[in-house]
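The residues making up each chain are set out below.
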Amino acid sequence: ALGTLLKDATRPTTRRAGPRAPIDPVAVEELREAIASDQLTVFFQPKARVSDRVVVGVESLVRWRHPERGLVPPVAFVGVAEEAGLIDAMTDVVFRQAVAQGGRWRARGLDLKVAVNISVDSLGRYDLPDTLVGIAADAGLPPSQIMLEVTESRLMADIKSPLEVLTRLRMKGVGLSIDDFGTGHSSLEQLRRIPFTELKIDRAFVHGAARDKAARAILESNASLAQSLGMTTVAEGAEDQADVTLVAALGIDLIQGHFFAKPMPAEDFDDWLADWRG
Ligand code: C2E
Ligand code: MG
Ligand code: MG
Ligand code: MG
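Computed from a predicted structure; not experimentally measured.

A. Expanded view of the coordination of the magnesium ion (ligand 3). Protein ligation of the magnesium ion (ligand 3) involves Asp179 (OD), Asp180 (OD) and Glu236 (OE), the donor distances falling in the range 2.0 to 2.5 Å. Every donor residue of the magnesium ion (ligand 3) comes from the same chain, spaced as D-D-x55-E. In this model, the magnesium ion (ligand 3) sits 3.7 Å from the magnesium ion (ligand 2), the two metals being bridged by Asp179. Taken together, the positions of Asp180 in strand S6 (residues 175-181) and Glu236 in strand S8 (residues 232-236) put the pair 56 residues apart, joining distant regions of the chain. You'll find Asp180 and Glu236 in the same group, each marked buried.

Encoded structure:
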């Protein structure tokens, strides 16, 4: 596991600022066990090109198949993993599943860029670039087919390790996406420093933007900012036809959301894609 591989690396220097809720030790043990016993699974949600509706990529989203509680969403445990030092082990499991599936798609001639969410807490690990690119190569996936999504609000301007680690990943050919853009407070500075290739506009400024002047203005100006920086633009959380029409009118490159598909297991994704293309 990545956690084991990296046990000698320096501790991450990037922790969430501000007070933390105490973490339940029982929950931590249960999550540790879940990671070790393969209870985490990855769902995939399509990212489609707006101009021709071709599916060009997927976002990998973790789920916990809990023996009693059923399918648990990431909001319930990703934060716990971060606080408890389990995030590298979790990322290892998710990344391996995601690139394994990406490799299978590629072997079938499907050109899908595989996006994985990476916690800022993992960006203090200086050997992350070699480790991730190595795991992907073993799965038959070149770095250019990998996209790492980093949530904008967690990137702090004064921390140097994310900048270095992300820059090294980019130099290896890995795509870098700044996620949930518009919800943080240091957005513009991060865009100047870090070589992001893609900007994902948070769904707060996508769904309903056609009926909400302020949301629409933010959507429009973020899209135009990313376009003038030469980045790929993505609108997340498109839920209805009005969202899709507006996103298309603004010249945004890619679109993701329930209007097209919810995140789903790989087998369901294959069926969905066959329908979509046919
Ligand atoms: P995110 O990276 O911004 O992912 C997009 C979230 O929006 C996903 O929620 C997705 O299911 C949801 N979504 C997509 N389209 C729509 C839509 O049209 N309407 C609505 N209402 N929601 C939509 P999900 O899967 O619950 O993930 C939530 C967050 O948890 C993610 O937000 C990401 O920050 C985090 N996360 C998920 N998987 C991982 C992971 O493997 N590692 C890490 N570090 N974080 C993860
Ligand atoms: Mg994401
Ligand atoms: Mg997002
Ligand atoms: Mg989001």
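B. Region of the structure containing the coordination of the magnesium ion (ligand 4). Of the protein atoms, only Asp180 (OD) and Glu236 (OE) coordinate the magnesium ion (ligand 4), at distances of 2.1 to 2.3 Å. The metal-metal distance between the magnesium ion (ligand 4) and the magnesium ion (ligand 3) is 3.0 Å, with Asp180 serving as a donor to both.

C. Quick look at the site of ligand 1. In the vicinity of ligand 1 lie 21 residues, with Arg63, Asn117, Asp179, Glu239 and His258 positioned nearest. Gln45 is positioned such that a nitrogen or oxygen atom in its side chain is 3.1 Å from a nitrogen atom of ligand 1. Considered on its own, ligand 1 offers 800 Å² of accessible surface; in the complex 83% of this is hidden by protein. For the shell around ligand 1, the secondary structure elements donating two or more residues are strand S2 (55-66), helix H4 (87-107) and S6. Sort the elements by how many residues they give to the shell around ligand 1 and S2 lands first, with 4 residues. Of the residues contributing to the shell around ligand 1, the split by class is 8 nonpolar, 6 polar and 7 charged.

D. Quick look at the packing of aromatic side chains. Enumeration over the complete set of coordinates arrives at 7 aromatic pairs. Geometrically, the ring pair formed by Trp105 and Phe269 is tilted, given 5.2 Å between the ring centres and 50° between the ring planes. Of the two residues, Trp105 is situated in helix H4 and Phe269 in helix H10 (residues 266-277); the sequence distance between them amounts to 164 residues. Residue class for Phe269 comes out buried when judged on its relative accessible area of 0%. When the ring of Phe269 is compared with that of Trp272, the centres are 5.8 Å apart and the planes differ by 40°; the resulting orientation is tilted. Pair noted here: Phe269 and Trp272 are both in helix H10, with a separation of 3 residues, about one helical turn.

Parameters at a glance
- Residues take numbers from 1 onward in each chain, read along the sequence in its written order.
- To label them, take the chains in the order written and letter them from A, then take the ligands in the order written and number them from 1.
- This being a predicted model, a pLDDT of at least 70 is required before a residue's local features are given, and a value of 80 or more before pairs of side-chain atoms are given or counted; all residues contribute to the totals for chains, interfaces and linings.
- By convention in this description, side-chain values take in all heavy atoms of the structure and omit both hydrogens and water.
- For Na, K and Ca the donor cutoff is 3.2 Å, while for all other metals N, O and S atoms count as donors only within 2.8 Å; water does not appear among the atoms, so some sites may look incomplete.
- What counts as a helix is a DSSP run of H or I of at least four residues, what counts as a strand is a run of E of at least two, and both are numbered from the N terminus.
- The buried label applies to any residue whose accessible area, calculated with a 1.4 Å probe on protein chains only, is under 20% of its type's maximum; exposed applies above 50%, and partly exposed to all values in between.
- To be near a molecule or strand, a residue needs just one of its heavy atoms within 4 Å of it.
- Residues adjacent in sequence count toward polar contacts only when both atoms are side-chain atoms; beyond that, a polar contact is any pair of N or O atoms within 3.5 Å, and within protein one must be able to donate a hydrogen and the other to accept it.
- The Shrake-Rupley method, run with a 1.4 Å probe sphere, supplies the accessible areas, and residue values consider only the shown protein chains as cover.
- Basically, the charged four are Asp, Glu, Lys and Arg, the nonpolar ten are Ala, Val, Leu, Ile, Met, Phe, Trp, Tyr, Cys and Pro, and anything else, Gly included, counts as polar.
- Within 6.5 Å between ring centres, the rings of Phe, Tyr and Trp (the latter by its six-membered ring) count as paired, and their orientation is classed by plane angle as stacked under 30 degrees, edge-to-face over 60, tilted in between.

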